[in-house]
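Per-entry structural report
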Amino acid sequence: MGFKVDAIAFDMDGTLLDSRGFATDCVLKAFESLKPNHRTLKIPSRDAVAAQIGKPSHQFCEALLPNDLAHLM
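First things first, this report covers the structure right here in the doc. The shown structure was predicted, so the numbers you read here are calculated from the model rather than taken from an experiment.

1. Digging into the nonpolar core
One broad rule of soluble globular proteins: the nonpolar side chains tend to lie buried together. Within the largest apolar cluster, nine residues are counted, these being V27, L28, F31, L41, V49, F60, L64, L65 and L69. At the level of elements, α1 (20-34) and α3 (57-64) are the ones that each hand at least two residues to this core. No other element matches the three residues that α1 contributes to this core.

In structure tokens:
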């Protein structure tokens, strides 16, 4: 490629880039992939997922996964 990378920044909370759109899409696709093996799983709404963006991962998952599927975290 002809260039050297000195650093990579991960913007997990949306400070540099508003990632809610594609992050929400990714989370919804993950839920859809779990659904066939976990029939009790309810796929959250886009708004419910977007409201969790930026939270620590354990809070994010606890808010979206039901207790009987917490082992998937």
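Now, onward.
2. A look at the environment of E32
Position of E32 relative to the elements: it lies in helix α1. Put simply, E32 and A7 are 25 residues apart on the chain and 34 Å apart in space, counted from C-alpha to C-alpha.

3. Considerations on the side chain of T24
Mapped onto the fold, T24 is located in helix α1. In this structure, T24 is in contact with S19, R46, V49, A50 and I53, ignoring residues within four places of it in sequence.

Definitions and cut-offs
Residues numbered from 1 in each chain as written. Predicted model: local features only at pLDDT ≥ 70, side-chain atom pairs only at ≥ 80, totals over all residues. Heavy atoms only, no water. Core = buried A, V, L, I, M, F, W, Y, C linked by side-chain atoms within 4.5 Å. Buried < 20%, exposed > 50% of the residue type's maximum accessible area, 1.4 Å probe, protein only. Helix = DSSP H or I, 4+ residues; strand = E, 2+ residues; numbered from the N terminus. Contact = heavy atoms within 4.5 Å.

Spatial relationships are all this shows, so hold off on functional conclusions.
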